[in-house]
Amino acid sequence: MIITNSEIAVTSSTSPRIEFTLQDTGSFFGIVASIVMLFGVGISIISKINKISFTVDGIQEALKLHASNAEKIKDLEKHLAIHQQDYVNYKEANLASHSSLSDLIEHNWQRSESESNAIKGSIKELQGFLHRTNDFKVRE
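Values in this document were obtained by computation on a predicted structure and should not be read as measured data. Residue numbering note: each chain is counted from 1, following its sequence as written. Owing to the predicted nature of the model, reporting of local features is limited to residues with pLDDT of at least 70; listing and counting of side-chain atom pairs is limited to 80 or more, with chain, interface and lining totals taken over all residues. Neither water nor hydrogens contribute to the side-chain values; these are computed over all heavy atoms in the structure.

1. A closer look at the packing of aromatic side chains
Aromatic contacts are taken between Phe, Tyr and Trp rings whose centres are within 6.5 Å, Trp giving its six-membered ring; a plane angle under 30 degrees counts as stacked, one over 60 as edge-to-face, and the others as tilted. Applying the stated rule across the entire model yields 1 aromatic pair. Pairing Phe-28 with Phe-29 gives two aromatic rings, centres 5.9 Å apart and planes at 55°, and the pair type is tilted. The burial state of Phe-28 is the same as that of Phe-29; both residues are exposed. Note on exposure labels: buried denotes an accessible area under 20% of the residue type's maximum, exposed denotes more than 50%, and partly exposed covers the range between, all computed with a 1.4 Å probe on protein chains only.

Below is the structure:
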């Protein structure tokens, strides 16, 4: 039997070393920078969407306010139309009353004028009679 010497390759029991090269480090920083930029772009997009959402909400509130004001204006227009019609009716009633009063005054004036003329005629007749019978002199 022949005895030979054998050698066994033995490695150390420590964990294997991970080594980073300059290229690996540059790639890692590039990936991190890209992720940060993506987050920045995402945040920018989200903030713009929020601004748009707030603007739309503000527009909705303004539209509700304008709709409420439009209803109030419509109600005021109805009230104004009612008051205008009341004024027109009041004016027409006053004009009719004025016209009827003018007609009544004109009628009474004509009647009193005719009665006054009749009285004047009677007075002249009486004066003439008194003048013929008693020597009555008419003073003017």
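2. Describing the pattern of salt bridges
Here, a salt bridge means any side-chain nitrogen of Lys or Arg that lies within 4 Å of a carboxyl oxygen of Asp or Glu. Here the structure, examined in full by the defined rule, presents 2 salt bridges. Its salt-bridge partner being Glu-115, residue Arg-111 comes within 3.6 Å of it at the nearest N-O pair. Residue Arg-111 and its partner Glu-115 are located together in helix H1 (residues 22-134), separated by 4 residues, close to a single helical turn. When its relative accessible area of 47% is taken as the criterion, Arg-111 is described as partly exposed. For Glu-115, a relative accessible area of 43% puts it in the partly exposed group. Elements are defined by DSSP. Helices are runs of H or I of four residues or more, strands are runs of E of two residues or more, and each kind is numbered from the N terminus.

3. Digging into a nonpolar patch on the surface
What makes a patch is a set of residues exposed beyond 30% relative accessible area and free of salt bridges, joined within 9 Å when like-charged and within 5 Å when nonpolar (Val, Leu, Ile, Met, Phe, Trp, Tyr). The protein chains shown are the only cover counted for residues, whose accessible areas, like all others here, come from Shrake-Rupley with a 1.4 Å probe. Judged by side-chain polarity, Phe-28, Phe-29, Val-32 and Val-36 come together as a nonpolar surface patch covering roughly 400 Å² of accessible area. With a relative accessible area of 53%, Phe-29 lands in the exposed category.

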